[in-house]
Amino acid sequence: MPSKVENWKSEVYGSEIREHLMEFAAEGWDAIPEDEHDAWFERFKWWGLYHQRSGQESYFMMRIGTPNGVIEPGQLEVIGEIAKEYATGPVDNPEFGDAYCDWTTRQSIQLHWIKLEDVPEIFEKLESNGLSTQQACGDSWRNIVGCPVAGKDTHEHIDAWPVAEDLHEEFKGDDDYANLPRKWKVSVTGCDQGCGQGDINDLAFEPAKKDGELGFNVRVGGGLSRKEPRFARGIDVWVPPEQASDVAAGMSALFREYGDREDRFNARIKFLMDEWGPEKMRRVLQEEFVDFELPTAGEDMRDQYTYNAGQNDGHGDHVGVHEQPDGNYYVGLDVLVGRMGADDTLELADLAEEYGSGEVRLTQRQNVIVTDVPEDDLDAFLDEPLLEDYSPDPHPFMRGSIACTGSEFCSLSITETKNRQVRYARWLKDNVELPDGVEDFHIHLSGCTASCAQPQIADVSLRGMKTRKDGEPVEAFDIGLGGGLGEDPHFADWVEMRVAADEVPGYIQNLLAAYEAEREERVVPEEQRGRDGEAVERETFREFIAARDEDALQDLADAEETSYEDPYMHNTKMTWYPYADEDDMNASPAPTDGTGQPLPSDD
Amino acid sequence: MTTDVHQLDDGAWISVNDSREINVSDLWLLARHEFCDCEMADFLAEGVVEVGVDYPDIAARFAGRCIQCGTEGVTDWLTVGRVIDPDDGQFYGVVPESVHVPRKRTRLARPE
Ligand code: HEM
Ligand code: SF4
Ligand SMILES: [Zn+2]
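Parameters and conventions
Residues numbered from 1 in each chain as written. Chains lettered and ligands numbered in written order. Predicted model: local features only at pLDDT ≥ 70, side-chain atom pairs only at ≥ 80, totals over all residues. Heavy atoms only, no water. UniProt positions renumbered as here; feature names shortened; annotations may be inferred. Pairing = 2+ DSSP bridges. Helix = DSSP H or I, 4+ residues; strand = E, 2+ residues; numbered from the N terminus. Axes fitted to C-alpha atoms, helices over the stretch in contact; angles between N-to-C directions. Donors = N, O, S within 2.8 Å, 3.2 Å for Na, K, Ca; no water. Tetrahedral: all angles 85-135°; square planar, octahedral: opposite > 155°, others 65-115°. Expected span 1.5 Å × (residues − 1). Buried < 20%, exposed > 50% of the residue type's maximum accessible area, 1.4 Å probe, protein only. Salt bridge = Lys/Arg side-chain N within 4 Å of Asp/Glu carboxyl O. Contact = heavy atoms within 4.5 Å. Buried area = accessible area lost by both parts, 1.4 Å probe. Phe/Tyr/Trp six-rings, centres within 6.5 Å; stacked < 30°, edge-to-face > 60°. Lys NZ or Arg CZ within 6 Å of the ring centre and 35° of its normal.

- An unreviewed UniProt entry annotates chain B as DUF8134 domain-containing protein of Halorientalis pallida.

- By the naming in an unreviewed UniProt entry, chain A goes by Ferredoxin--nitrite reductase and is assigned to Halorientalis pallida.
- Note on chain A: under the UniProt heading Sequence similarities (unreviewed entry), the record states "Belongs to the nitrite and sulfite reductase 4Fe-4S domain family."

Spelled out as structure tokens, the structure:
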């Protein structure tokens, strides 16, 4: 029996939702029939609108999908203006102020506190500037991700950007693929560093050579959610770039036909991969969904993957100043937990125009990149005051921090996330010395098991939980260690469970002290020394964790209270907004009308 | 009017007649249960797995963890509230922190 959501989707779904959305917007929040709220909010997701959590009724999160994270010249200003004008809620956030943009782990943009009544104006402004919210949420082709510097990177074998752009053009708005059993996340990578994070997507194209020709190997079935993380598995298929969209069409049609529409918890293609295995996946794709002979896999470049691979001299992210093949430079800026105030966003848009081509790109680590800066302008750009807050050379604890949306807006959350991660990063920076040679240290914090902050692929994974302290329930985290990507990706091992949120920084401090004291070092023979001339080679954090069994990991470090103070220990999910002075659910102004005035409640 | 109950947003909350009523992230005290070995389970609800109506009770099974002993899994059926008068559809929720006794079976919400 199809699920309830499937029944709603079979009535109205895809592009046609828009006319209804526009009618409701014109008439106002109250125009949505009360007994149709759930059905419409489920459908609105397809147009990038996600109803915010309890206590925030009538307000929406709006997601704008920017394929491969590419924000074209002029577009960032539009995004900043929309955030400033429309993304302001009833109460400010104490860290980020009244209006802000979130750069997400899938190279998209999230705005919050959007009112239905403003949607037509926002859509018009977005779309007249080549931006869209279409399919940013909901059961269909999501934003396509990839190496954020595709086309601008010296490590590139194939420029994956035109391929990603093609897929975006072809599958956004194509009715044949508009209604899938669940979300469909696609990654296209052309560089040899693995920055596309293909391993954690439903469908991944990764650079590979076949008979001397460059193209992609195809992997299927990655994803992190629900304590069922999977890496995508190779299906022994290679495609030349010009056929990538045929294979993508075939794979998403296969998912459309065979994905589970009865149980949404079992719907992602990773579960079909569990059931079928890669051989059957390939066979069904070949027999039923493509009309040409699929070549077998080519020779991949995974042994060169350095991105988030846990190496001491690896490529942890895209922060910093890097030369492009055309002699210009791209400058990756660290945005702590991916959130940037609207005024800062507008300032960044101006700087990108002034020093670069106006293009800005988003990374899968919630950071931004200004591209196309000529060498002669680099120093002046690097001197800009905005770069003090969004640094190209940040402290490793600032640089490595990722956090999801959490209890500020999200229904599924167990804990507060972004503001807390900001406080963690600052405290760690001020109080913890990183062991010698550690320049990259990734701490990913997710408010629940959906894993939007991709905690399982970090050095330290934090996942929202609860515990009791002196009998009182408090917010807490499960702590995992040693996850990452690279040639042999590895999910974090969950080591400490239910650590009270105010004891997490103390745990990390003790953990790093243990690593520094116990890591192995080996003297590198002179003739084997690398370019850096380093005379000792140290065990990386990831190796250090991998070398230890469960008991040893448990004994590594203890959680403890420190000078760190956490203002969000109470059940923030039970408030209407965690940072309001009057935070009780009953104090919520929601739902409100188009001007933000509270509407009479129905009960 | 029939009472319309479902879980939404990937099990984030329970809707009763298109009104958000029960959320994840609450702690439920479970007695006479088979969820774990604790006398009284201190159960954190992380996701709604299934919902049902056993008039006048609204019931649900949750995925989550006992934060006392660490056992993870899915509960038997918990009564989360009642709709006493199906005509007005008004939902009266239980208090999660008080003591609940899970049951083995309930009527399923589907088909309506
Ligand atoms: C209002 C609720 C939610 C908010 C605000 C939210 C936020 C986000 C954000 C910011 C991202 C990165 C951007 C993107 O995907 O385009 C993301 C990704 C993700 N979301 Fe959510 N999300 C929500 C609900 C959910 C739910 C209900 C699930 C449940 C299954 C989920 C699972 C994921 C996963 C697994 C990822 C990324 C990891 C991957 O690629 O597999 N999210 N979410
Ligand atoms: S990880 Fe969980 S809490 Fe965080 S945004 Fe995703 S669904 Fe919400
Ligand atoms: Zn227990």
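After that view, the rundown keeps rolling.
1. Some remarks on the sheet that holds strand β3 (residues 19-23) of chain B
Residue and element names in this part refer to chain B.
- Taken in spatial order, the 3 strands line up as β1-β2-β3 in an open sheet, and their pairing is antiparallel. The open sheet terminates on both sides in strands that have one partner only, identified here as β1 (5-8) and β3. Along the sheet, successive strands turn relative to each other by an average axial angle of 35°, direction set aside.
- Pairing between β1 and strand β2 (residues 13-16): 4 bridges, direction antiparallel.

2. A look at the coordination of the zinc ion (ligand 3)
All names here are of chain B.
- Looking at the zinc ion (ligand 3), one finds its protein donor set to be C36 (SG), C38 (SG), C66 (SG) and C69 (SG), positioned 2.3 to 2.4 Å from the metal centre.
- Taken together, the 4 donor atoms coordinating the zinc ion (ligand 3) span angles of 104 to 114° at the metal, a pattern that classifies the geometry as tetrahedral.
- As a motif over one chain, the donors of the zinc ion (ligand 3) read C-x1-C-x27-C-x2-C. With C36 in the loop between β4 (27-30) and β5 (41-54) and C69 in the loop between β6 (57-66) and β7 (72-74), this residue pair connects regions lying 33 residues apart in the sequence.

3. Some thoughts on helix α4 (residues 75-86) of chain A
- Over its 12 residues, α4 of chain A runs 16 Å from end to end, which matches the ideal 16 Å to within 8%, given 1.5 Å per residue.
- For α4 of chain A, the set of buried residues is Q75, L76, V78, I79, G80, I82, A83 and Y86 of chain A.

4. Remarks on the pattern of salt bridges
- Counting across every chain of the model gives 50 salt bridges over all chains.
- The network of salt bridges with common partners includes K227, R463 and D478 of chain A together with E46, R65 and E72 of chain B.

5. Overview of the interface of chain A and chain B
- At the junction of the two partners, chain A supplies 43 residues and chain B supplies 34 residues.
- For the pair chain A and chain B, the two sides together bury roughly 2900 Å², of which 45% comes from carbon and sulfur.
- The tally of links between chain A and chain B comes to 8 salt bridges.
- For K227 of chain A, the salt bridge goes to E46 of chain B, with nearest N and O atoms at 3.5 Å.

6. As for the packing of aromatic side chains
- Taken as a whole and assessed by the stated rule, the structure comprises 34 aromatic pairs over all chains.
- Their ring planes at 75° and their centres at 5.7 Å tell us that F41 of chain A and F60 of chain A sit as a pair that is edge-to-face. With F41 of chain A in helix α3 (residues 37-44) and F60 of chain A in strand β2 (residues 59-65), this pair connects stretches of sequence that are 19 residues apart. Residue F41 of chain A shares its accessibility class with F60 of chain A, and that shared class is buried.
- Ring centres of F35 of chain B and F43 of chain B lie 5.0 Å apart, and the angle between their planes is 75°; on these two criteria the pair is classed as edge-to-face. No difference in accessibility class separates F35 of chain B from F43 of chain B, as the two residues are buried.
- Among the aromatic residues, those joined into a cluster by ring pairs are Y59, W113, F409, Y568, W576, Y577 and Y579 of chain A.
- One cation-aromatic arrangement involves R18 of chain A over W47 of chain A; the distance from NZ or CZ to the ring centre is 4.9 Å.
- The ring of W40 of chain A has R43 of chain A lying over it, and the distance from NZ or CZ to the ring centre is 4.5 Å.

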